[in-house]
Amino acid sequence: MNMLTDAAVEEALDASQNSDTLKMRGEDVCVFYGEKQALFGVNLDVRENQVTALIGPSGCGKSTFLRCLNRMNDTIDIARITGKITLDGEDIYDPRIDVVELRARVGMVFQKPNPFPKSIYENIAYGPRIHGLATKKSEFDEVVEASLQKAGLFNEVKDRLHEPGTGLSGGQQQRLCIARAIAVSPEVILMDEPCSALDPIATAKVEELIDELRENYTIVIVTHSMQQAARVSQRTAMFHLGNLVEEGPTDKMFTNPDDKRTQDYITGRFG
Ligand SMILES: Nc1ncnc2c1ncn2[C@@H]1O[C@H](COP(=O)(O)OP(=O)(O)OP(=O)(O)O)[C@@H](O)[C@H]1O
């Protein structure tokens with residue numbers, strides 16, 4: 001019989017918790033807004049069931065890259081992208097791709113909580129309805145409860161499901177937006193500075209939630225907070241002036257980065 005040493009068992013456990021399966025890949029991604037080039041040949045892998053943080057000074061292209069991952073840049077008339085982005089090996093810019101379906105697979109949570117001006121229940125039920133994921137009332141009830149549970153919000157709102165989502169606190173609204181993204185069973189969730197409008201307590205709750213969500217989803221988060229990147233992510237990618245400077249395990253990026261620009265940024269010398 002093959003006996004595993006303690007070290008081998010530990011390594012195997014570590015690997016299962018930290019899968020290196022590729023979920024999305026950007027290859028030589030360039031983005032232009034009209035004449036202005038915002039991204040220069042970015043190559044970046046996003047690994048399954050991990051949180052990848054995108055960091056870097058203001059205007060370096062973090063949000064632009066994030067928006068490429070679910071073709072949100074398509075909604076900006078002057079934006080043009082070259083290069084390739086894949087999801088499970090499939091080119092998401094292939095003309096045969098249904099963008100609505102893509103955005104259900106790769107959901108997004110924005111900087112400012114933006115619930116629809118509808119009830120908490122309707123905020124969640126909307127996505128499954130337009131994607132045909134539920135038809136009967138019992139199915140909607142189920143998806144609403146499950147999504148709110150996963151977003152850690154159910155207990156706080158279960159007695160007011162038919163009240164407006166906009167009546168919740170900022171932190172609750174952001175968790176409602178996360179629940180809304182979860183309701184259509186995404187594989188990847190993109191988060192663009194999801195805590196920047198929240199107080200420290202609400203931020204801590206969303207960060208805890210991000211850590212829990214990693215078990216079932218792949219997450220890419222743009223953040224200005226070095227502490228947040230260090231707390232929630234397994235991988236960190238550093239951008240500067242539209243270039244990907246370096247990418248690696250978060251621990252290494254924050255303790256022993258290869259590039260001086262990363263060192264300068266994380267120690268607050270610029271940005
Ligand atoms: N819709 C747009 N139209 C024109 N230029 C844009 C647009 N969006 C972004 N840009 C430009 O592209 C560059 C990258 O912007 P982006 O928002 O991706 O950076 P960022 O790193 O996310 O910045 P921040 O941290 O300030 O949000 C900037 O120079 C910005 O002015």
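Here the structure is shown first, and the text comes after it.
Parameters at a glance
- Residues numbered from 1 in each chain as written.
- Predicted model: local features only at pLDDT ≥ 70, side-chain atom pairs only at ≥ 80, totals over all residues.
- Near = placed C-beta within 6 Å.
- Helix = DSSP H or I, 4+ residues; strand = E, 2+ residues; numbered from the N terminus.
- Nonpolar A, V, L, I, M, F, W, Y, C, P; charged D, E, K, R; others polar.
- Pairing = 2+ DSSP bridges.
- Axes fitted to C-alpha atoms, helices over the stretch in contact; angles between N-to-C directions.
- Contact = placed C-beta atoms within 7 Å.
- Core = buried A, V, L, I, M, F, W, Y, C linked by C-beta atoms within 7 Å.
- Buried ≥ 20, exposed ≤ 12 C-beta atoms within 10 Å, placed from the backbone.
- Parallel < 35°, antiparallel > 145°, perpendicular 65-115°, else oblique.
- Left-handed = near helix turned anticlockwise from the far one by under 90°.

Chemist: With reference to specific residues and values, describe the site of the ligand.
Modeler: Near the ligand you find Tyr33, Ala38, Gly56, Ser58, Gly59, Cys60, Gly61, Lys62, Ser63, Thr64, Ile76 and Ile78, and these make up its full shell. Looking at the shell around the ligand element by element, the count peaks at 3 residues for helix H2 (residues 62-68). The class makeup of the residues in the shell around the ligand is 5 nonpolar, 6 polar and 1 charged.

Chemist: Let's hear about the sheet that holds strand E3 (residues 51-55): which residues, and what values?
Modeler: With respect to topology, 6 strands assemble into an open sheet ordered E6-E7-E8-E3-E9-E10, the strand pairing being mixed. Of all the strands in the sheet, the pair left with one neighbour each is strand E6 (106-109) and strand E10 (243-249). Strand after strand, the sheet turns through a mean of 20° between neighbouring axes, direction not considered. Relative to strand E7 (residues 188-192), E6 runs parallel, the two sharing 4 bridges. The residue bridging Gly107 from the neighbouring strand is Ile189, located in E7. Strands in contact with helix H7 (residues 170-182) are E6 and E7; relative to E6, the strand with the most contacts, it is inclined by about 170°.

Chemist: Give me the sheet that holds strand E5 (residues 90-91): which residues, what numbers.
Modeler: The 4 strands are arranged E2-E1-E4-E5 in an open sheet whose pairing can be described as antiparallel. The two strands at the open ends of the sheet, each matched to only one other strand, are strand E2 (36-47) and E5. Looking at chain direction, strand E1 (residues 22-33) and strand E4 (residues 79-87) are connected through 8 bridges and run antiparallel. Across the sheet, the residue bridging to Arg25 is Thr86, located in E4.

Chemist: Any details on the nonpolar core? Residues and values, ideally.
Modeler: By size, the foremost hydrophobic cluster in this structure holds 66 residues, and its most contacted members are Leu54, Ala179, Ile189, Leu190, Ile219, Val220 and Ile221. Sorting elements by how many residues they give to this core places H7 first, with 6 residues. In contact with Leu190, not counting residues within four places along its chain, are Leu66, Leu69, Asn70, Val106, Gly107, Met108 and Val220.

Chemist: A description of the packing of helix H4 (residues 120-130) against helix H5 (residues 137-150) should follow, citing residues and the corresponding values.
Modeler: The angle between the axes and the distance between the axes are what describe a pair of packed helices. Remark: H4 packs on H5, axes separated minimally by 9 Å, with the N-to-C direction vectors making an angle of 110°. Looking at the two axes, H4 sits roughly perpendicular to H5. Note on packing geometry: the crossing formed by H4 with H5 is right-handed. Within the contact between the two elements, H4 uses Tyr121, Ile124, Ala125 and Pro128 and H5 uses Phe140, Val143, Val144, Ser147 and Leu148. In terms of residue class, the contact of H4 with H5 is made up of 8 nonpolar, 1 polar and no charged.

Chemist: An account of the pairing of E4 is needed here, citing residue identities and associated values.
Modeler: Pairing of E4 with E5 involves 2 bridges; the strand directions are antiparallel. Bridge pairing in E5 places Thr86 opposite Asp91. Taken together, E4 and the strand that follows it, E5, pair antiparallel across an intervening segment of 2 residues, in which Asp88 is found at a positive phi of about 50°.

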